[in-house]
Amino acid sequence: MDAQGRGRADDIDPADQWVLNPQTGDYELRLSPSAGQSAPPGVPGPRGAAPRPPGRGSERPGGRERGRDQGRDQGRDHGRRQGSEHGSTGGREHGREQVPGQRRRRGAQPEAATGGRRNRRPKKKNTGKKIAIWTGGTVAFVVVVAAVGGYLYYQHLNDNITAVSDDGAGTGGFSKDRAINILLVGTDKRSGDGNKGYGDEGSVGHADTTLLLHVSKDRSNATALSIPRDMITDIPDCPTKQDDGSMKTIPGSQQVRFNESLGQSERTPSCVMRTVTEITGIKLDHFMVADFNAVKTLSSAVDGVDVCLAKDIDDPKSHLKLPKGKHTIEGEEALAFVRTRHTVGNGGDLSRIELQQQFLSSLMRKLKSGGTLTSPKKMISLAEAGTKALTVDSKIADIMKLRDLGMELGKLDMKNLTFATTPVVDNPAEKTPVTVVLNKAKSDELFSMMREDVSLTEVKKKEKKEKAAVAARLKGPKADPADVRVDIYNGSGKTGAAQATLAWLQNNEGVTKSSQLGNAPKNLGKTTLEYGKGEADQARRLAELMGLPGSALKPGESEKNAQGLPAMVLTLGADFKGAGVPISAPSKAPDGIQKVGADKSVCAK
């Protein structure tokens, strides 16, 4: 049956009936009835239906077959709707469609010898369809190129990164559900273009500038703590991975400069991590090491860093020469600024730390400014500069992991970032002090605040302030230590904690009506003190003696002690630091420590 007999329109051109023969892979002219309409994607067709030729179904996006068949299918669909009424199922054999040879249309006159086709209507040009096809192809090409280009650039940035093992000195990586602690180390190694003239060319480098960046669990505040390079400290033994994969323990050193924790005796950044943890009690997540080029390239990538000087500076050793006032510095001038110390303050390393903190806080403000974040050029420059100039631990040596870390740090409001310096005093062992030692009284308080996520800023944080009702538990009269009855249980996971606390309370504080009853039913994260009615004055006294926060006091029920008298229940938790050591961190920074908010611009003196 021809096209007209199947009810097709008179103007259907046989050229619109070219279809793909699945057996030969070639296009052939089909004048026989078409197969039935295919089922929608995901819905199975009728049993025994002929298989759909490749390239004609909706499952096969794009390609030349789909573009050429689209117009032809319109005519075939019309024929299917009407021709199916005549039972046109010819051409199928054993469930497979056969492709017949060409047949002349009924009633058509043979063509003249000249080959003309006078009875054929000219084919209509579907300009809109061609435009759609070309536009779709162009968009697809652009998407593919962009995807490939993005992948290649991702690989390029990854290749820029230099990674070193943390040798098990860290936590294994930052997490979004806890505080983040990152060690930032600036080395004085003279590697890199243009850096040989800065002093000891052959030096393997030291921990010249070291900051511990602590970001609170809720990302509401952060502290960047500078550790003086000339501070006398102990460097622990440092297991270190060698080039062949083996481990070698580098022996520790006692009472040496802190800056010897890197470079000297083949020490790597993981040794700086271990040393900082020994000093502060803070376990670090990651380290990042920057050389001289990092200062130059990063400052140039943001088109300069704004600094302020309270007086003229002319330092022949750092090669910095600037008049007082505000300046925008980058490149070599920026490096000279962070290395200057002889013409500012007292001319020592502590004065240079203040310059470095000013530079870093200004750089961070520039990084978070709209002019940087909305400039693709600057962002690309920063990505290039950062990945080339930094050495990071292997657990974060991937551009996507660095991005995730950056997203977490980006949640921080700059006004709640405080730069501080480790409290130190002149070394009493030196007649003319050139080194410093920890000021234990102040440094212990500061380190405790950082460990407990207490901000050095004045910003109010709901999570950090106890509710008035809780705070009120510590207010009121306190019982005499001799009248305090308490049973002590060990839920800290530390062997002997309850016995040590009992001995301290009885022998040092006069709490003679106390006893220890072994391990608690389960370990606790935080120490608790439960007490009954009429025992609040005893609870306040014990809280004062042990340094318990108001949140540790739990009004409830007491228990009977061995004498049958009511006794409070003290359960030591994981926050227990030792008998006589306060459990709660100070609520404010100790007086006299050097600190400044990152959102403030301070002129160097």
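The residue numbering used here restarts from 1 in each chain and proceeds along that chain's sequence as written. Whole-chain, interface and lining totals are the exception, using all residues; otherwise, since this is a predicted model, local features are given only for residues with pLDDT of at least 70 and side-chain atom pairs are given and counted only at 80 or more. Computation of side-chain values covers all heavy atoms of the structure but excludes hydrogens and water.

(A) Looking closely at the overall build of the protein chain. Secondary structure assignment for the protein chain yields 13 helices and 28 strands. Looking at the protein chain as a whole, 42% of its 605 residues qualify as buried. Think of it this way: any DSSP run of H or I at least four residues long counts as a helix, any run of E at least two long counts as a strand, and we number them from the N terminus. A 1.4 Å probe rolled over the protein chains alone gives each residue an accessible area, and that area as a share of the maximum for its type sets the label: buried under 20%, exposed over 50%, partly exposed in between.

(B) Structural detail: helix 9 (residues 399-409). Of the positions making up helix 9, those classed as buried are Ile 399, Leu 405 and Glu 408. By the N-cap criterion, in which a side-chain oxygen at the helix start approaches the backbone nitrogen of a residue two or three places on, helix 9 is capped by Asp 398, the distance to Met 400 being 2.8 Å. Polar contacts, as used here, are pairs of N or O atoms within 3.5 Å; protein pairs need one atom able to donate a hydrogen and one able to accept it. Residues neighboring in sequence count only if both atoms are side-chain atoms.

(C) Structural view of the pattern of salt bridges. For this document, the term salt bridge refers to a Lys or Arg side-chain nitrogen within 4 Å of an Asp or Glu carboxyl oxygen. According to the stated counting rule, one finds 18 salt bridges in the structure shown. Note that Lys 296 is salt-bridged to Glu 332, the shortest N-O span being 3.0 Å. With a gap of 36 residues between them, Lys 296 in helix 4 (residues 292-301) and Glu 332 in helix 5 (residues 331-339) connect regions that are remote in the sequence. Looking at Lys 296, the relative accessible area reads 9%, which means it is buried. Under the relative-accessibility criterion, Glu 332 is labelled partly exposed at 40%.

(D) Highlighting the state of the cysteines. Disulfides are defined as pairs of cysteine sulfur atoms found within 2.5 Å of each other. Counting across every chain of the model gives one disulfide. The disulfide bridge from Cys 238 ends at Cys 271, spanning 2.0 Å between sulfur atoms. Around the S-S axis, the bridge from Cys 238 to Cys 271 shows a dihedral of about 65° and counts as right-handed. Taken together, the residues Cys 238 in strand 10 (residues 238-241) and Cys 271 in helix 3 (residues 269-280) connect sequence positions 33 residues apart. As far as the burial class goes, Cys 238 and Cys 271 line up, both buried.

(E) Just unusual backbone geometry, in detail. A positive phi angle, close to 60°, is found at Arg 219, a residue other than glycine. On the secondary structure map, Arg 219 appears in the loop between strand 7 (207-215) and strand 8 (222-226). With relative accessibility at 5%, the residue Arg 219 sits in the buried group. Even without being a glycine, Gln 255 presents a positive backbone phi close to 55°.

(F) Up close: the environment of Gly 371. Among the structural elements, Gly 371 can be located in helix 7 (residues 370-373). For the pair formed by Gly 371 and Val 302, sequence separation is 69 residues and the distance between their alpha carbons is 8.9 Å.

(G) Representation of the nonpolar core. Formed by 26 residues in total, the largest nonpolar core has its most connected members in Leu 183, Val 185, Leu 212, Leu 225, Phe 258, Val 272 and Val 276. Going through the elements one at a time, strand 6 (180-187), strand 7, helix 3, strand 13 (286-290) and helix 10 (440-451) are the ones with two or more residues in this core. A contact between two residues is defined here by any heavy atoms of the two lying within 4.5 Å. Once you skip the residues sitting within four places of it in the chain, Val 272 turns out to touch Leu 183, Val 185, Thr 210, Phe 258, Ser 261 and Leu 262. The set of buried Ala, Val, Leu, Ile, Met, Phe, Trp, Tyr and Cys residues whose side-chain atoms join them within 4.5 Å is what this entry labels a nonpolar core. Residues Val 511, Leu 548, Met 568 and Ile 583 belong to the second largest nonpolar core, which totals 24 residues.

(H) How the structure looks around the side chain of His 206. Turning to its location among the elements, His 206 is positioned in the loop between strand 6 and strand 7. Within the local environment of His 206, its side chain forms a polar contact with the side chain of Gln 264, the two groups lying 3.2 Å apart. When neighbours within four sequence positions are excluded, His 206 is seen to be in contact with Gly 186, Thr 187, Asp 188, Asn 259, Leu 262 and Gln 264.

(I) Layout of the side chain of Ser 261. Relative to the assigned elements, Ser 261 resides in the loop between strand 12 (253-257) and helix 3. The buried category is assigned to Ser 261, whose relative accessible area is 0%. Setting aside its immediate chain neighbours within four residues, Ser 261 contacts Ala 207, Ile 235, Arg 267, Thr 268, Cys 271, Val 272 and Thr 275.

(J) The packing of helix 12 (residues 497-508) against helix 13 (residues 536-546), seen in detail. To get an axis, fit a line to the C-alpha atoms, keeping to the stretch in contact for a helix; angles then go from 0 to 180 degrees between the N-to-C directions. Running from N to C, helix 12 and helix 13 point in directions that differ by 105°, and their axes come no closer than 12 Å. Between helix 12 and helix 13, the crossing angle belongs to the class labelled roughly perpendicular. Along its contact with helix 12, which presents Thr 501, Trp 504 and Leu 505, the element helix 13 presents Leu 542, Leu 545 and Met 546. Taken together, the residues of the contact of helix 12 with helix 13 sort by class into five nonpolar, one polar and no charged. By definition in this entry, angles of less than 35 degrees are roughly parallel, angles greater than 145 are roughly antiparallel, angles of 65 to 115 are roughly perpendicular, and the rest are oblique. Polarity classes work like this: nonpolar for Ala, Val, Leu, Ile, Met, Phe, Trp, Tyr, Cys and Pro, charged for Asp, Glu, Lys and Arg, and polar for all others, with Gly in that last group.

(K) Highlighting the confidence of the model for the protein chain. As a per-residue measure, pLDDT tells how confident the predictor is, with possible values from 0 to 100. Looking at the protein chain, the pLDDT average stands at 77 and 67% of residues meet or exceed 70. Throughout residues 1-12 the model reports pLDDT below 50, and contacts reaching past four residues in sequence, or to other chains, amount to 29 contacts. The low-confidence segment residues 31-119 (pLDDT under 50) makes 103 contacts with residues lying over four places distant or belonging to another chain.

(L) Focus on the pairing of strand 19 (residues 417-421). Extensive coverage of strand 19 is indicated by the burial of five of its five residues. Here strand 19 shows no split at all, with Leu 417, Phe 419 and Thr 421 on one side and Thr 418 and Ala 420 on the other all buried.

(M) Focus on helix 13. For helix 13, the tally of buried residues reaches eight of eleven residues, placing the bulk of the element in the interior. Every buried residue of helix 13 is accounted for by Gln 538, Ala 539, Arg 540, Arg 541, Leu 542, Ala 543, Leu 545 and Met 546. Where helix 13 is buried, its residues meet strand 22 (486-490), helix 12, strand 24 (528-531), strand 25 (553-555) and strand 27 (566-572). Following helix 13 by one or two positions, Gly 547 adopts a phi angle in the positive range, close to 70°.

(N) Main features of the environment of Thr 501. For Thr 501, the location among the structural elements is in helix 12. Along the backbone, Thr 501 and Gly 580 are 79 residues apart, and their C-alpha atoms lie at a distance of 7.6 Å. Excluding residues within four positions of it along the chain, Thr 501 makes contact with Ile 488, Met 546, Leu 572, Phe 576 and Ala 579. Within polar-contact distance, the side chain of Thr 501 engages the backbone oxygen of Ala 497 at 2.9 Å.

(O) Main features of the packing of helix 4 against helix 8 (residues 376-389). Remark: helix 4 packs on helix 8, axes separated minimally by 9 Å, with the N-to-C direction vectors making an angle of 175°. Between helix 4 and helix 8, the crossing angle belongs to the class labelled roughly antiparallel. Where helix 4 approaches helix 8, its residues Asn 293, Ala 294, Thr 297, Leu 298 and Ala 301 are matched on the opposing element by Lys 378, Ser 381, Leu 382, Ala 385, Gly 386 and Ala 389. Counted by class, the contact of helix 4 with helix 8 contains six nonpolar, four polar and one charged residues.

(P) Just the environment of Ile 399, in detail. For Ile 399, the position within the fold is in helix 9. Here Ile 399 falls in the buried class, since its relative accessible area comes to 16%. The spacing of Ile 399 and Leu 157 is 242 residues in sequence and 6.7 Å in space, taken between C-alpha atoms. When neighbours within four sequence positions are excluded, Ile 399 is seen to be in contact with Tyr 154, Leu 157, Asn 158, Ile 161 and Thr 387.

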